[in-house]
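# Results of the structural survey
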Amino acid sequence: MSDAAGQTNRTAESFPAKASGVHDLGGKTGFGPVPADDDAIFHADWERRAFAVSQLAQIAAGFNTDAFRHGVEREDPDLYLRIPYFDKWIRNGERMLVEGGVLAPDEVSARMNGSESTGQPSRTTDATPHGERGVRRPAEQPAVYATGDQVRVRTDRTPTGHTRLPNYVLGHTGVVERVNESWIFPDTHAHGQGEDPTWVYAVRFNAADLWPDDHPTGQGHTVLVDLYEPYLETP
Amino acid sequence: MSHDHHHHHPEPTDPAIRVEAIEQLLVEKGIVTTERIDGVIDKYEHDIGPMNGATIVAKAWLDPQYRDRLLSDGSAVIKEEGFSGGQAEHLVVVENTDEVHNLVVCTLCSCYPWAVLGLPPSWYKSPEYRARAVRDPRGVLADFGTELDEEVEIRVWDSSAEVRYMVLPQRPPEATGDTVEELAPMVGRDAMIGVRLAGADS
């Protein structure tokens, strides 16, 4: 498959690790109360610099935001939940620079240890930037669903790469609340497999359907999830 | 990628040292300049922030036509205001009423309407919030000291694609001014995420 610039791209196999899924947190229990008092944007100067350096690293490595998000998702699952947010960012900044062939695999660790790097930079993926055009694109086909339609979230897709389909809605039926334009498809774009613009729908689910034990009366709140058309089927 | 990545129980290294090492390498190789790094930080710390969102909420409280346009085409309104870019190519503003209360989360990462609210607070990015907001929103609201009537329908928006959501909070009774300058300070960031009511955290 090729991207908008006509480059031929390799597949997800060229990434060294797959996402563990630990980042897919919606609906998981036992995490305890929200740390509502921890409302700082940055806690320390290194977090400020990590924020900027990670993004500039992504750009220097020639990657798009979907590839960046997938990079964070490939954090070691043992670390994902316990290291600071911007630590995940800067570790991903390093991942982007190494996978993009900007830095040798041992270059950052050598610098941190005060030793000399012996490796060579080598690009290991062909994921692409999306440049200044943003990520909204016209789709080739009209939207399959309209506001008010019932849709079911498919269960026959089992991606091991990047996806924006949260597990907690798998197999559930909801109603299209709004058609939210068409966009680059993250599942392909993160892997350099093309932009594949697709429609996005805000789909409304009943919490009582998603988590029946929480709502014995059948009455609960509403959850709206933005879902790309390939995730959906007609029930 | 660091070589400890494949160890069974990796221990993280001090992230400040990693940031410094990467910054040094990129600057030495001429890939980025320190000024460019400082510029990115400065933009997101000073030029954008919840005052942008508070301004449009205050305008919506004062002008019903503005409110209608904000709810029907939030992207057009923020473009007019000059707030476009930064994770808000498509902004959808959802309105709180006596019957409906909206709450915004990103369960998969930390998507947030940067153009109108700036960068997200730490708790928004926490596993606790990301896990629980979709499943137990009343419990999450209680963590912020926010209590709603049992009859109010709670609608949780999971920002799982590129659309960004912002809440238009209800105008509190104490917000009696008739100018944007008087009203905007009543609109706290947390009210535009939906974890508090306007006035309560301002």
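Residues numbered from 1 in each chain as written. Chains lettered and ligands numbered in written order. Predicted model: local features only at pLDDT ≥ 70, side-chain atom pairs only at ≥ 80, totals over all residues. Heavy atoms only, no water.

## Brief notes about the overall build of chain B
A count of helical and extended segments in chain B gives ten helices and four strands. Written out in order from the N terminus, the α and β elements of chain B read α-α-α-α-α-β-β-α-α-α-β-β-α-α. Across the 202 residues that make up chain B, the buried fraction comes to 58%. The long-range share in chain B, meaning contacts at least 24 apart out of those at least 6 apart in sequence, stands at 66%. (Helix = DSSP H or I, 4+ residues; strand = E, 2+ residues; numbered from the N terminus. Buried < 20%, exposed > 50% of the residue type's maximum accessible area, 1.4 Å probe, protein only. Contact = heavy atoms within 4.5 Å.)

## Comments concerning the domain arrangement of chain B
Taken domain by domain, chain B holds domain 1 (3–46) and domain 2 (49–193). Inter-centroid distance (C-alpha atoms) of domain 1 of chain B to domain 2 of chain B is 32 Å. (Domains from an automatic or database assignment.)

## Some words on the pattern of salt bridges
When the charged atoms of two side chains lie near each other, side chains of opposite charge can form a pair. This structure, assessed with the given rule, holds 32 salt bridges over all chains. For D45(A), the salt bridge identified is with R48(A), shortest N-O distance 3.7 Å. Separated by three residues within a single helix, D45(A) and R48(A) lie in helix α1 (residues 45–61), roughly one turn from each other. With its nearest N and O atoms 3.0 Å apart, the salt bridge here joins R152(A) to E233(A). Taken together, the residues R152(A) in strand β1 (residues 150–153) and E233(A) in strand β5 (residues 232–233) connect sequence positions 81 residues apart. Taking relative accessible area as the criterion, R152(A) reaches 30% and is therefore assigned partly exposed. Since its relative accessible area comes to 26%, E233(A) is described here as partly exposed. If you follow the salt bridges from partner to partner, you end up with D39(A), R189(B), D190(B) and R196(B) in one network. (Salt bridge = Lys/Arg side-chain N within 4 Å of Asp/Glu carboxyl O.)

## Re helix α2 (residues 34–47) of chain B
Residue and element names in this part refer to chain B. The terminal C-alpha atoms of α2 lie 19 Å apart, and with 14 residues this matches the ideal 20 Å at 1.5 Å per residue to within 8%. Taken residue by residue, α2 has I37, V40, I41 and Y44 as its buried positions. When α2 is viewed along its axis, its buried side chains cluster within an angular range of 90° and face the same direction. Seen from the open side of α2, the exposed residues pointing more than 90 degrees away from its buried face are E35, H46 and D47. (Expected span 1.5 Å × (residues − 1). Arc of directions from axis to C-beta.)

## Quick notes on the sheet that holds strand β2 (residues 173–183) of chain A
If you trace the seven strands from one edge of the open sheet to the other, you get β5(A)-β1(A)-β2(A)-β3(A)-β4(A)-β3(B)-β2(B), paired in mixed fashion. Strands with a single pairing partner mark the edges of an open sheet, and in this sheet they are β5 of chain A together with β2 (100–105) of chain B. Examined bridge by bridge, β1(A) and β2(A) share three bridges and lie antiparallel to one another. Pairing of V151(A) across the sheet is with G174(A), part of β2(A). (Pairing = 2+ DSSP bridges.)

## Some thoughts on the confidence of the model for chain A
Considering every residue of chain A, the mean pLDDT works out to 89; 91% of them sit at 70 or more. Here residues 1–16 of chain A scores under 50 on pLDDT; set against residues more than four positions off or in separate chains, the count is 37 contacts. (pLDDT = per-residue confidence, 0-100.)

## Some remarks on the interface of chain A and chain B
Between chain A and chain B, the residue contacts involve 88 residues of the former and 82 residues of the latter. Both faces considered, chain A and chain B share a buried interface measuring about 7,500 Å² in area, 60% of it formed by carbon and sulfur atoms. Contact with chain B buries area across many residues of chain A, yet V34(A), R49(A) and R111(A) alone supply 9% of it, more than any other trio. Counting across the interface, chain A meets chain B through ten salt bridges. Where chain A packs against chain B, one counts 34 residue pairs in polar contact (both at pLDDT 80 or more). Elements that contribute at least two residues to the side of chain A that touches chain B include exactly α1, α2 (65–73), α3 (77–80), α4 (85–99), α5 (107–113), β2, β3 (198–206) and β4 (222–228) of chain A. Taken together, the residues that form the side of chain A that touches chain B break down as 45 nonpolar, 13 polar and 30 charged. Pairing geometry for β4(A) and strand β3 (residues 153–158) of chain B, over four bridges, is parallel. Directly across from L224(A), in β3(B), lies its bridge partner W157(B). (Buried area = accessible area lost by both parts, 1.4 Å probe. Polar contact = N/O pair within 3.5 Å; in protein donor to acceptor, adjacent residues only side chain to side chain. Nonpolar A, V, L, I, M, F, W, Y, C, P; charged D, E, K, R; others polar.)

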